[in-house]
Amino acid sequence: MDELVRAIHSAQDLEKKVEYYFTLTGDERVSVLKGLGKERNEETGVLLNAIYLQETDRQVRKLIRKTIFRLRSSGVKVEELRPEGEPVLRKVEEERVNMGFLTNFDPSGSRMVMAAYEVRKNTFVFLNGDLHFREGLRELMSSPVDRRSLNEIVAAYRGSTKEPAFLVEISPSYAAFVVEEGARLSGRFTDAIGSLKSFVAQLKDAVHKPDDIHSLPVADDVAPLPLHDVLRHEIFAPFSLSWEGIDEDRKSYLSTGGSTIVLPRHMMEEKKDNYVRDLMERRDIASQEPLFKRLLEDYAYLFHCMGDHGRYRGTLSILRDKMSLDHAFSFFLRKSLEARQDNPAEGDLIIDPYG
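Report follows, based on the coordinates. (Residues numbered from 1 in each chain as written. Predicted model: local features only at pLDDT ≥ 70, side-chain atom pairs only at ≥ 80, totals over all residues. Heavy atoms only, no water.)

As for the pattern of salt bridges
Here is step 1: Using the criterion set out here, one finds 22 salt bridges in the structure.
Here is step 2: We note a salt bridge from E55 to R29, for which the minimum N-O separation is 3.3 Å. Of this pair, E55 sits in the loop between α4 (42-54) and α5 (58-73) while R29 sits in helix α3 (residues 26-36), and the two are 26 residues apart along the sequence. Pair check on accessibility: E55 and R29 agree, each one buried.
Here is step 3: Look at the salt bridges and you will find they share partners, linking R111, E181, R294, E297 and D298 into a network. (Salt bridge = Lys/Arg side-chain N within 4 Å of Asp/Glu carboxyl O. Helix = DSSP H or I, 4+ residues; strand = E, 2+ residues; numbered from the N terminus. Buried < 20%, exposed > 50% of the residue type's maximum accessible area, 1.4 Å probe, protein only.)

Written out as structure tokens, the structure is:
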């Protein structure tokens, strides 16, 4: 605790002190505030006021108020907290450079999310997360980088990304949401998520959460592309569904019920369609439909960021129509069942140039 308090006091000015505070985890912030409560000077009161205006955690804000009360009780002059009006520390987040990037899913069911947040001039916190379709956030790396290093990292990733892999720049706020969502699914990296949420809460991006994706600006004369044109895009090519026991389901599907009678093609297709419909009702398959819906929302956003507004609107049309959504889900079920085992999925489409 004492080391954290000393680190804050060593910052050159008030802005730097506050910036340092918001790079800490939730537990570290509580420790710092308890340490500051032992201080007996007006500078500490000014710092607490500045932190309070940007802190979003209710419990932490309550602790700040208690700490300020103790300072006043000890005779230290501290200004009244101002919930509205001009803040003690003028916010400069709008002027900072923040970045977010998201890829499509590769054949192994993984994708990558990257983000860079400028914590002070030319100094960034860089995040790189590995997300699995069913398992959520499996790996999360963060490190401080300067502007030159960040530009080199982004250029290296872009240079190593080839279709059918896509690396698309997205809202930094939404990149944080994707990381948080993946952490909830996997149950991992929860400590890191707390400080990330507090930081991005101050950003003013147009897209913070999936609901924002449904109302992005598009010219009125842009018509939604039909389902088959949407799913034909290369961004969907690497993706397929997987589940425990898929090999046995594949054998049953390809054997069309195991009949020794040679059936006409249309009857074989009908039996396969019935098999897929029954499969969609099974719990282990049905549980993946909400995840698939989120995939479509994210891909709609990627299409919009890529300027492909026809597919953006087409993907939203799929999401809004239950029959179309079921058709799209069954399309990938069939794709998974018909995948050739002598041509297994290759590794990650996105090559990490740094390791």
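And the narrative resumes.
Some details on the environment of R158
Here is step 1: By the secondary structure assignment, R158 is in helix α6 (residues 147-160).
Here is step 2: Judged by its relative accessible area of 43%, R158 is partly exposed.
Here is step 3: Between the alpha carbons of R158 and V168 there is a distance of 9.1 Å; along the sequence they are 10 residues apart.
Here is step 4: Apart from the residues lying within four places of it in its own chain, the contact partners of R158 are F101, L167 and E169.
Here is step 5: At 3.3 Å, the side chain of R158 forms a polar contact with the side chain of E169. (Contact = heavy atoms within 4.5 Å. Polar contact = N/O pair within 3.5 Å; in protein donor to acceptor, adjacent residues only side chain to side chain.)

Digging into the packing of helix α2 (residues 14-21) against α4
Each pair of packed helices gets described by two things: the angle between the helix axes and the distance between those axes.
Here is step 1: Relative orientation of the contacting elements α2 and α4 amounts to 50°, with a least axis distance of 10 Å. Comparing the axis directions of α2 and α4 gives the class oblique. Crossing angle aside, the handedness with which α2 passes α4 is right-handed. Packed against α2, whose contacting residues are L14, K17, V18 and Y21, the element α4 presents V46, L47, A50, I51 and Q54 at the interface.
Here is step 2: Considered class by class, the residues forming the contact of α2 with α4 number seven nonpolar, one polar and one charged. (Axes fitted to C-alpha atoms, helices over the stretch in contact; angles between N-to-C directions. Parallel < 35°, antiparallel > 145°, perpendicular 65-115°, else oblique. Left-handed = near helix turned anticlockwise from the far one by under 90°. Nonpolar A, V, L, I, M, F, W, Y, C, P; charged D, E, K, R; others polar.)

Some points on the sheet that holds strand β2 (residues 110-120)
Here is step 1: If you trace the five strands from one edge of the open sheet to the other, you get β4-β3-β2-β1-β5, paired in antiparallel fashion. Since the sheet does not close on itself, it has two edges, and those belong to β4 (136-146) and β5 (167-170), each with one partner. Neighbour-to-neighbour, the strand axes of the sheet open up by a mean angle of 20°, direction not taken into account.
Here is step 2: For strand β1 (residues 98-103) and β5, the ladder comprises four bridges, and the chain directions are antiparallel. If you follow G100 over to β5, its bridge partner there is I170.
Here is step 3: Against the sheet, helix α7 (residues 172-186) engages β1, β2, β3 (123-132), β4 and β5, with an angle of about 125° to β2. (Pairing = 2+ DSSP bridges.)

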